[in-house]
Structure formats: structure tokens, C-alpha cells
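Survey of secondary and tertiary structure
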Amino acid sequence: MAVPGEASVDESHVGENKTPPGRYWKEKQEEGKDGQQTEQTLQQKKKKKQKAKKRKQKEDQRDGKKFISGKSDPFPGPAPIPEDRVQKFKRKDKIKKPPHQHYKLRDVIARSEEASEMAQKQAARFDLLLPEDAGFLEGDEDEDTCTISQEDIAGAVDITSGAKYFNLKLPQFGPYRLDYSKTGRHLLLGGRRGHVSCIDWQSKQLMCEINVMESVNDVKWLHSETMYAVAQKKWLYIYDSNGIELHCIRKFNDVLRMQFLPYHFLLATASATSFLQYLDVSVGKEVAAICTKTGRLDVMCQNPHNAIIHLGHHNGTVTLWSPNQKEALVKMLCHQGGVRSVTVDKTGTYMVTSGMDKKLKVFDIRTFKPLKSYFLPAGASSLSLSQRGLLSAATGDIVQVYRDVWSTPVTKPYMAHRVRGTAWGLHFCPFEDVLGVGHGEGFTSMLVPGAGEPNFDGLDANPYRSAKQRQEWEVKALLEKIQPELISLDPSELGRVDHATFEQRHQDRVQALGFDPLAKEKFVPKYKKKGRSSAGNVEKRKKQVAHEDQRDVIRKTVEDKMKMEKEKKQREKKAAVLSNQRSALDRFKK
């Protein structure tokens, strides 16, 4: 133990920086040591100031303030997002949270809303980086854009874009049908006389080239560029990208046209025997075989929005089909003669048809009514719609491109080009301003400014993905595959509640049980000890719960009333604005 008379210890176990605490029994140090103690005190104060400064900097950084060259950020926190852009990506209104006793459900709803709000803000931020409009071809004063040739466009654009205009001279095995892959990177050509080839058309690299030694009716890429289907004279064949035959499916005979549904992994085929068949390429099984009883099926397209198949017939009708029903969902009389071609835009809103009566008609699929009708002197044998809404129509050896065919009356084409033979197939390349034309003399790649979507979704269709990324995407797509039973005219019906069916089931359940299981249970106070469950306390708790329920009802009533008043004020304001506008007929009023 320390004794008051003993000498003080010079070295401390804490360290040299800290001096031992002073004791009241110790004698005052000599005057010679006063200068040394003053220096130590100043050093300690200096170190304390530095520590306090560092601590303050850390606290400020935690609060969101960034330091640049030791100065605080004048604009702390994340950059603000315009409200209109946030509203553009708003998915749903906030859900009313359940009472406190359902605390787990409240937490789940809160986390879901936080994730939805974060996704909404991120989408709004990324939207600022995307260009608003795609560029279109614009001519000089009093110059029609349809008179500008492909050579002039290729000479005016940069070298990379100019290389996308080219011709493949293949007169021996034509005419050709074509198909671009979902990413727009690869091109598949199928000649009527048996020639089939796969090309990486941007680098002009030939992937494979075969001759099947019999006539080819149609070609179609499957879920990726590693496999494609060829509708040959007798049966349907599946090949890989090296030209090796993988399958010969003899159930699918006399196939004339094909469409692939990418999110369902379904290959839909239309045959000369009037059969519409669906093949699930992920398991190699036939999902449905429907006899349409309408004769030869050589006009076919799909609705990208809801995966409904549209078939054109010789009697001028267009029928809509789903693999879930043996009868047509909709029958529309579109033309007075036979239907030559059908196409649907990517939003699933508009359908464009051409017929033997030399008319080009635009229909609104939501109401199944015609919007516009145009007369073409020679009719259109083939139609195709781009991602940005440009319509291409082939008439003999002339390919015309039209713009805004469903919003404004069109009097002249946006672009026109003459190919070397009769056009047999048209297809716009995804994410590129390119139109592929298959004709009797081979293949032509046209430049059509404003045709492709400039902003691609890298998680869905990435033109620049590697082999590893493609494999990972394929696994994910198979896991997220949509079942064919979910194909319907209105895809949003899947997320709705069928109230009529729910009420009927609820009534049946009440009759079977003898009581209503969904009815609100009567509040029964819990028994408490130590005299807290006296009659007065129990009654007090019952009244408190009753008052809370009543307050909820009153609050809901007041909210509904305020909402109605707000809507009424908005209507009155709109009516006042309209009444202030003067009309040309006002001069006749007294």
C-alpha cells in the first residue's frame, strides 16, 4: 500500500502521455519542474483539440456532410428528383396499415413500401440518363424524306452506321424469309429452296450455313441464338448455331408459319392442315393442338403484350387464339377479300392488317374497332412494326415505311426503297435503326432512322452480353417461365380479385360452418390479477375499444367527404376555365 511519506512514482503504467493523478498529501513540485509541466499541459490540450476535431468530422460525415479539401459540402445529401419523374414510375398508392396487434404484417408492408419507393426513385434517376426521343430523318425545305435514297443516308452517317446498309446477293436459293434474335445481334435467313444460314450481321461473321435439301417455309430463333427452328416441307426441325440437327418433330407437319413466345418458351406453329400447335421448347412437349377449321394458315403474328396469336384467313377475318381454349377468343371481319398480312405493335394496342382488297387498316385491339383505313394501289404483301411504331409495307419489289399510322392520317410514306426482287419477308431489327428485307435475289439491310429503341434493358435483352452472361440469363429465364395457362386477352386480370366468386364462396362457407369466420370478433377483456379485473375496469376497457372503433369509422367518413369535396372543387375549377374561353359562336348571343 502507498504511504504518504513515500516518494512519488515517475513512470505510470498508463503511458508517458498521461501524468499520474495529483494527491492532496503530496508536496508541491519544485519550481524547476514547472516549465516542463506547462509544456506537457499544452501538448495534452493540443491533442485533445485534434481528437475533438476528428470526432466532429466523423459526426458530420455520418449526418451526410461530405468534406472536400477540409471544407463541408454546400449541397449535402442526395440530389433532388423532379416530382413528375417520380410520379411517372409510381406503381401503387400506399397500403393502409393494419392494427397494432398485426405487428408482423405491419413490418412486412413497411419493408415492401420502402423497397418500392427506393425502386421508384432509382428508376426516376436513371430515366434522366436516357434520351427522350429517337432521331428521325428530316429533309430540307420542300424535300420529301421518301425521295432520299439509302446510298445518301449511308454516306451521310458515321462509318459504323453506314456499314449496316448492305446487300447479300443470293439469287440461287431465294426468295428468303428472315428473323432477328431478341437481342438484335444475330440474323437467321431461310431460302425457299433449302438454304439456311446464321449470321452475326453486325460483324458480318458467318456462324453456320447449311442446305436442308428440301423447301423451307419459315425460320425462327428460339429463346437464344444457340438454337433455331426451321419449318421444312414435311416436318419441323430444330438446329443449333453450328448447323447440327437436334430434333425432328414429326407431330408438327406441313408447318407454314411460326412465332416464338419468349417469356413462355412456347413455339407456336400454323400449318397447311388448319392446325395451330404449341411446343414447349424447355421440355420438348406439345402443349396444345387446336384445329381452327379455317383452311390453310399462312398469315400469322403474335401480340407481344399478352402472347395471343393472331391468324389471318382467306375469308377476310382475323382470329385471336390462346392455348387454353379450343375456340377463337375473338373473330374480326377486317377485309372484303383474303388477309395477306397482320402485325401488332409492342404495347398490344394497335393491329395493322392488309388484304386482297388493296386496303391497309389499323384497328384498336382494346375495342376491336377500326381507326384508320388506307388504300394502296397494289396492296401490301408483308407488314412489320418497329419498336418505335414505324410501319413497313412491301408491295412487289418496293418497300415503304410509314410513320404515325394510327394517330394522324398519312398521305405519303416516310421512306421508300426498291429491292432487286419481290419482297417475301420484312423484319425490323430490335434496338437498331435497321429493316431487314428478304426477297427473291437475297437479303437487303435498310437504314431507317428512328425505328429502333435506343435504350435496351441489360437484364432482359443485352446485345453485348458474353457467353457466361447468356448462360446465367437462360437459367434465370427458365426459372421465371410463365405457364401457358396464364395466357389471356387481359394480363392484368391475374392480379385482380374476383369479388363475385369470392362472395359466393364465402356464403357457401358460412352455410357449411354455421357462422361467419370473417366476422369481427366481439371484444372480450383479458382477465388481469391484483384486482384489475373488477367490473368497473372491465367496463372501462370495453368502452375504450368501442371508442377506438368509432373513431376509425368517423376518420374514414371524414376522409371520404374531403376527397369528394376536393374532386368537386377540381370539377368546378375546370368548368370555370372552360366557361372563360370564348367561342366563335359567342357573337350570336344577345
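Below is a short write-up of the structure. Just so it is clear, the structure is predicted and the values come from calculations on it, not from any experiment.

The next thing to look at is the packing of aromatic side chains. Taken as a whole, this structure holds nine aromatic pairs when the rule is applied. A centroid spacing of 6.1 Å and a plane angle of 70° characterise the contact between tyrosine 180 and tryptophan 201, whose relative ring orientation is edge-to-face. Separated by 21 residues along the polypeptide, tyrosine 180 in strand E4 (residues 176-180) and tryptophan 201 in the loop between strand E6 (195-200) and strand E7 (205-211) bring together distant segments of the chain. Accessibility expressed as a relative area gives 4% for tyrosine 180, which makes it buried. Seen in terms of ring centroids, tyrosine 228 and tyrosine 239 are 5.8 Å apart; in terms of plane orientation they differ by 25°. Their pairing is stacked. Linking tyrosine 228 in strand E9 (residues 227-232) with tyrosine 239 in strand E10 (residues 235-240), this pair joins segments that are eleven residues apart in sequence. Both residues of the pair, tyrosine 228 and tyrosine 239, count as buried. Put simply, the rings of Trp221, Tyr228, Tyr237 and Tyr239 pair up and form one aromatic cluster. Taking NZ or CZ as reference, arginine 403 lies 3.7 Å from the ring centre of phenylalanine 136, over its face. Over the ring of tryptophan 473 we find arginine 465; its NZ or CZ atom is 4.8 Å from the centre of that ring.

Now for the sheet that holds strand E29 (residues 434-439). One open sheet accounts for four strands, arranged E3-E30-E29-E28; its pairing is antiparallel. Both edges of this open sheet fall to strand E3 (166-169) and strand E28 (423-428), since each of them pairs with a single strand only. Taken pair by pair, the neighbouring strands of this sheet meet at an average axis angle of 15°, ignoring direction. Pairing between E3 and strand E30 (residues 442-447): four bridges, direction antiparallel. Paired with asparagine 167 across the bridge in E30 is threonine 444.

It is worth spelling out the pattern of salt bridges at this point. Side-chain pairs of opposite charge can arise where the charged atoms are in close proximity. If you walk through the whole model with that rule in mind, you get 16 salt bridges. A salt bridge links lysine 182 to aspartate 460, with the shortest nitrogen-to-oxygen separation between them at 3.0 Å. Remark: aspartate 460 occurs in the loop between E30 and helix H6 (467-479) and lysine 182 occurs in the loop between E4 and strand E5 (186-191); sequence separation between them is 278 residues. A relative accessible area of 29% means that lysine 182 is categorised as partly exposed.

Grouped together as the largest cluster of nonpolar side chains are 32 residues, with contacts concentrated most on Tyr180, Leu187, Trp201, Leu435, Val437 and Val448. Residues in contact with tryptophan 201, not counting those within four places in the same chain, are Lys164, Phe166, Tyr180, Gly184, Arg185, His186, Leu187, Cys429, Glu432 and Val434. Counting 30 residues, the second largest nonpolar core, distinct from the first, contains Ala270, Tyr278, Val318 and Ile365.

What counts, and where the lines are drawn
Residues numbered from 1 in each chain as written. Predicted model: local features only at pLDDT ≥ 70, side-chain atom pairs only at ≥ 80, totals over all residues. Heavy atoms only, no water. Phe/Tyr/Trp six-rings, centres within 6.5 Å; stacked < 30°, edge-to-face > 60°. Helix = DSSP H or I, 4+ residues; strand = E, 2+ residues; numbered from the N terminus. Buried < 20%, exposed > 50% of the residue type's maximum accessible area, 1.4 Å probe, protein only. Lys NZ or Arg CZ within 6 Å of the ring centre and 35° of its normal. Pairing = 2+ DSSP bridges. Axes fitted to C-alpha atoms, helices over the stretch in contact; angles between N-to-C directions. Salt bridge = Lys/Arg side-chain N within 4 Å of Asp/Glu carboxyl O. Core = buried A, V, L, I, M, F, W, Y, C linked by side-chain atoms within 4.5 Å. Contact = heavy atoms within 4.5 Å.

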